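Per-entry structural report
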Amino acid sequence: MAEAPRPGPEARTASGWPARLVLATNNRGKLQEVAAILGAAGVTVVGSAAVAPGWSVVEDGATLAANARRKAESLARLTGLPALGDDSGLEVAALGGRPGVRSARYAGAHATDAENTARLLRELAGVPDAERAAAFRCALVLAWPDGRSVEAEGRCDGFIATTPRGEGGFGYDPVFVDPASGRTFAELPAAAKNALSHRRRALDALVRALDAAGGGRS
Ligand code: IMP
């Protein structure tokens, strides 16, 4: 973790979050999920498109956490608002942890979700169910314009289906199966995915990190 934050002058919710923050992403699926989860905690989440149209960063960090930090710090500097960076990836055991930090570009620099998912299924063709274990990982960095930051990670285990199923979610959700329900993340109602996802776990861990750093509950 970087420099320990102290309570800043900005308004905070009872759970320690800034009352208003900007999410450092151009991904509408992530924005919907984070706004739903943090909205329930009283946080107003603004998308980067609303406050910094055209903003983007090169995601060439070696780790999810490095990319999340790059996104958060760049947008906090640009907007003067607390910024939350999210970098996520899917790790598949049978592929030695790929696509991992390259999940967004697995099928090429400007690949669509469908193209990335199709490549994944091709590479896993013939791999039996028992060897299709996978995990979603999410790294979060909350950065303030004055340089303070906290970070956390979350993880969710499951396995990869043989064909895409479901209309909800985004990214690899149609092929990621939640073992408890047997349904893909795209088949689960949004609230059910948000209750158990890697992103939810990372957000919960970030609240604990805020608390531990002294910027939390009062
Ligand atoms: P990034 O974090 O924006 O770089 O996204 C990494 C890749 O993982 C992209 O292809 C996303 O669509 C995908 N991804 C990120 N989070 C999720 C998720 O919650 N479900 C499914 N795919 C995701």
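Refer to the structure printed above.
I will try to describe carefully the structure that is included in this document. (Residues numbered from 1 in each chain as written. Predicted model: local features only at pLDDT ≥ 70, side-chain atom pairs only at ≥ 80, totals over all residues. Heavy atoms only, no water.)

1. Describing the site of the ligand
For the ligand, the set of nearby residues contains 16 residues, the closest of which are K30, S88, D173, K193 and R199. One of the side-chain nitrogen or oxygen atoms of D87 is found 3.2 Å away from an oxygen atom of the ligand. Take Y172: an N or O atom from its main chain is 3.0 Å from a nitrogen atom of the ligand. Starting from 480 Å² of accessible surface for the ligand in isolation, the protein chains cover 95%. Of all the cavities here, the one that holds the ligand is the largest pocket. (Near = heavy atom within 4 Å. Polar contact = N/O pair within 3.5 Å; in protein donor to acceptor, adjacent residues only side chain to side chain. Areas by Shrake-Rupley, 256 points an atom, 1.4 Å probe, with all protein chains shown as cover. 1 Å grid on protein atoms, 1.4 Å probe; cavity = no way out; pocket = protein on both sides within 12 Å on 5 of 7 lines; lining within 4 Å. Sits in = over half its atoms within 2 Å of the grid points.)

2. Re the pattern of salt bridges
Inspection of every chain in the model, using the stated rule, returns 18 salt bridges. The salt bridge involving R199 is made with D86; its shortest N-O contact spans 2.6 Å. Taken together, the residues R199 in helix α6 (residues 198–212) and D86 in strand β3 (residues 83–92) connect sequence positions 113 residues apart. With respect to burial, R199 and D86 carry one shared label: buried. Put simply, D173 and K193 hold a salt bridge, and the shortest N to O gap is 2.8 Å. Taken together, the residues D173 in the loop between β6 (149–160) and β7 (176–177) and K193 in helix α5 (residues 190–196) connect sequence positions 20 residues apart. The exposure classification of D173 matches that of K193, with both residues buried. Each member of the salt-bridge network shares a partner with another, and the members are K30, E33, D86, D173, K193 and R199. (Salt bridge = Lys/Arg side-chain N within 4 Å of Asp/Glu carboxyl O. Helix = DSSP H or I, 4+ residues; strand = E, 2+ residues; numbered from the N terminus. Buried < 20%, exposed > 50% of the residue type's maximum accessible area, 1.4 Å probe, protein only.)

3. Remarks on helix α3 (residues 64–79)
Helix length check: α3 (16 residues) gives 23 Å between terminal C-alpha atoms against 22 Å at 1.5 Å per residue, within 8%. What α3 keeps buried is the set L64, A65, N67, A68, R69, K71, A72, S74, L75 and A76. Next to the buried residues of α3 lie β1 (20–24), α1 (28–39), α2 (48–51), β3, β5 (133–143) and β6. Directly beyond the C-terminal end of α3, a positive phi value near 75° is found at G80. (Expected span 1.5 Å × (residues − 1). Contact = heavy atoms within 4.5 Å.)

4. Re the pairing of β5
Extensive coverage of β5 is indicated by the burial of nine of its eleven residues. As paired elements, β3 and β5 share ten bridges and run antiparallel to each other. Directly across from L90, in β5, lies its bridge partner F136. As defined by bridge partners, β5 adjoins β6 across eleven bridges and the pair is classed as antiparallel. The partner of A135 across the bridge, within β6, is D157. Counted between consecutive antiparallel strands, the loop separating β5 from β6 contains five residues, among which G147 sits at a positive phi close to 105°. (Pairing = 2+ DSSP bridges.)

5. Considering the nonpolar core
If you look at the biggest cluster of nonpolar residues, it comprises 22 residues, and the most contacted ones within it are W17, L21, L38, L84, L142 and L206. Elements represented by at least two residues in this core include exactly β1, α1, β5, β6 and α6. Here this core gets six residues from one element, more than from any other, and that element is α6. When sequence neighbours within four positions are dropped, the list of residues in contact with L21 reads L38, V43, T44, V45, V46, P82, L84 and L142. Counting residues in hydrophobic clusters, the runner-up holds 17 residues, among them V175, F176, F185 and L188. (Core = buried A, V, L, I, M, F, W, Y, C linked by side-chain atoms within 4.5 Å.)

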